[in-house]
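Close look at the chain arrangement
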Amino acid sequence: MLSASLLVLLASTPAAANRERLTPAARAATRERLAGTLAVTPAAWNQIMGAGDISADPATTTTADLATSEIMIQASPATVFTAGDNQYPRGQIEDFTDPDGYAGSWGRAALKDKTCPAVGNHEYADPLPGPAGYLAYFSPPCPHRPDIEYAKTSDGYTIRTVYAYRPAPGSGWWAYVLDSQCTHPEELGPSCAQSSNQLNWFRTHMAAHPAKCRIVFWHHPRFGNGAPFGDDSAVYWLYAVAAYQGRVSLIINGHSHSYERFTSMTRDGAIDGSYTAPRSFTVGTGGAPLIAFSKPARTGTRYRDASHYGVLRITLGSGSWATEFDRTDGVVADKASAGC
C-alpha cells in the first residue's frame, strides 16, 4: 500500500493535476457555449468536417481539441477527416488512448467511428517504427466506409497510411489520403517522388475510377506564409499529380497551426487564372497551440486566420463544392464555393 505522503506527492504531480483537462464539467461547459450557434448547425448528408493538428500533449491544460470535437459532435457529419498530427507530441498509442488525449476529444465514439484520418510528422516521431501509435489506434481507418481501398507498392505491399474512399456516397466524389512525410524530419515515410509507389497508385486509382470531383488530404501544405512554415518543395509531386493528372478540386492540409485558404494555384506557386488547378486549404486548427503567421500573405492567399480554432465544413455537391470555417467561438467564417 502507498504511504499517505507518497499519495500526496503523486496527487501534486503535473500528470495527476492535469487529469482535469477533459472532465465532464469541461465537456458540459463547452457544449453549452457552442449550443445554438451557427457553427454546430446539423450537417447535411453530403457534408464532411475536420481539421489537423488536433490533440495536444495530454500533460497540458488546453481544451481546444475538446471544443473543436464538440462542434462536430453537435453537427454530426457522416464523415470526419483529419489532416495529420492527430496526437502530440509523438503520436504514441498511450497518448492516443489517454482520457486526456485524443480519446477524450476527437476519439469519442460518435466521432472516431466515422473518422478517416491522415498521418502527420508527429505520428512519425513515435519511438516505435512506422507511425506505430497512429496505425494501432486507427485500425482500421474509416471504419464506417466499406469502400476503402489501400495503396499498394509495386510488389504488393500495403501502404497503410495511403488510401481512397467515398466520403459521401451518392455525391459522386472520391477522397484520397496521401502520406506527405517523405523526406521531412523524424522517421521517413513513403516516397513522394514523381514515380513513387503512392503516386503510381494514385494515378492508377484515378484512371480506374472516373469522377468529376475529387478531394485529397495530406499533412504538409505545398504553399504557406510561414506559421512557421513556407512553401514545401518536398510535396511538389503530390500537388502536381493531384492538380494535373486527376480531376482534384480540393486539397486539405494541416501542419501550419492556422487556417488559410488559397485560390487555384499552379504547382510552381503562381495563380492559375483558368481555375483548373485545385483550391488548397490549410486547417491546422484542431486544438494544438496556434502559431502566428511569420510572413505577409503570399500570392494566392484569399483568407487566413491564426487566432481561432475551428473545423472546416465541406459540402460535396454533384459537380460543385462549398466550404466554411466553423470556429470554436460559434462564428462561421470564410465561406467559399466553386464548381469541380
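In what follows, the structure referred to is the one given above.
Now for a description of the structure that goes with this document. (Residues numbered from 1 in each chain as written. Predicted model: local features only at pLDDT ≥ 70, side-chain atom pairs only at ≥ 80, totals over all residues. Heavy atoms only, no water.)

Digging into the pattern of salt bridges
Evaluation of the coordinates by the stated rule reveals nine salt bridges. For glutamate 70, the salt bridge goes to arginine 31, with nearest N and O atoms at 3.4 Å. Of this pair, glutamate 70 sits in helix α4 (residues 64-75) while arginine 31 sits in helix α3 (residues 24-34); the two residues are 39 residues apart in sequence, bridging distant segments of the chain. Overlapping salt bridges, with partners in common, bring together Arg31, Glu70 and Arg108 in one network. (Salt bridge = Lys/Arg side-chain N within 4 Å of Asp/Glu carboxyl O. Helix = DSSP H or I, 4+ residues; strand = E, 2+ residues; numbered from the N terminus.)

Topic: the environment of threonine 282
Among the structural elements, threonine 282 can be located in strand β10 (residues 279-283). Residue threonine 282 is classed as buried on the basis of its relative accessible area of 2%. Non-local contacts of threonine 282, meaning those with residues more than four positions away in its chain, are made with Pro221, Phe223, Asn253, Gly254, Ser256, Ser258, Tyr259, Glu260 and Phe262. (Buried < 20%, exposed > 50% of the residue type's maximum accessible area, 1.4 Å probe, protein only. Contact = heavy atoms within 4.5 Å.)

Considerations on the nonpolar core
As a rule of thumb, nonpolar side chains are buried together in soluble globular proteins. Ranked by size, the top nonpolar core spans 48 residues in total, and within it Ile215, Phe217, Ile252 and Ile314 carry the most contacts. It is strand β12 (residues 310-317) that provides the largest number of residues to this core, a total of four residues. Contacts of isoleucine 215, omitting those with residues within four sequence positions, involve Ile48, Trp173, Trp174, Ala175, Tyr176, Leu250, Ile252 and Ile314. Ranked by size, the runner-up nonpolar core spans 28 residues in total, among them Ile159, Trp174, Val216 and Ala242. (Core = buried A, V, L, I, M, F, W, Y, C linked by side-chain atoms within 4.5 Å.)

A short note on the packing of α3 against α4
At a minimum axis separation of 10 Å, α3 and α4 run at an interaxial angle of 60 degrees. As judged from the angle between their axes, α3 and α4 are oblique. Between α3 and α4 lies a crossing of right-handed hand. Two secondary-structure elements touch here, α3 through Ala26, Arg27, Thr30, Arg31, Arg33 and Leu34 and α4 through Leu66, Ala67, Glu70, Ile71 and Gln74. Its residues assigned to classes, the contact of α3 with α4 comprises five nonpolar, two polar and four charged. (Axes fitted to C-alpha atoms, helices over the stretch in contact; angles between N-to-C directions. Parallel < 35°, antiparallel > 145°, perpendicular 65-115°, else oblique. Left-handed = near helix turned anticlockwise from the far one by under 90°. Nonpolar A, V, L, I, M, F, W, Y, C, P; charged D, E, K, R; others polar.)

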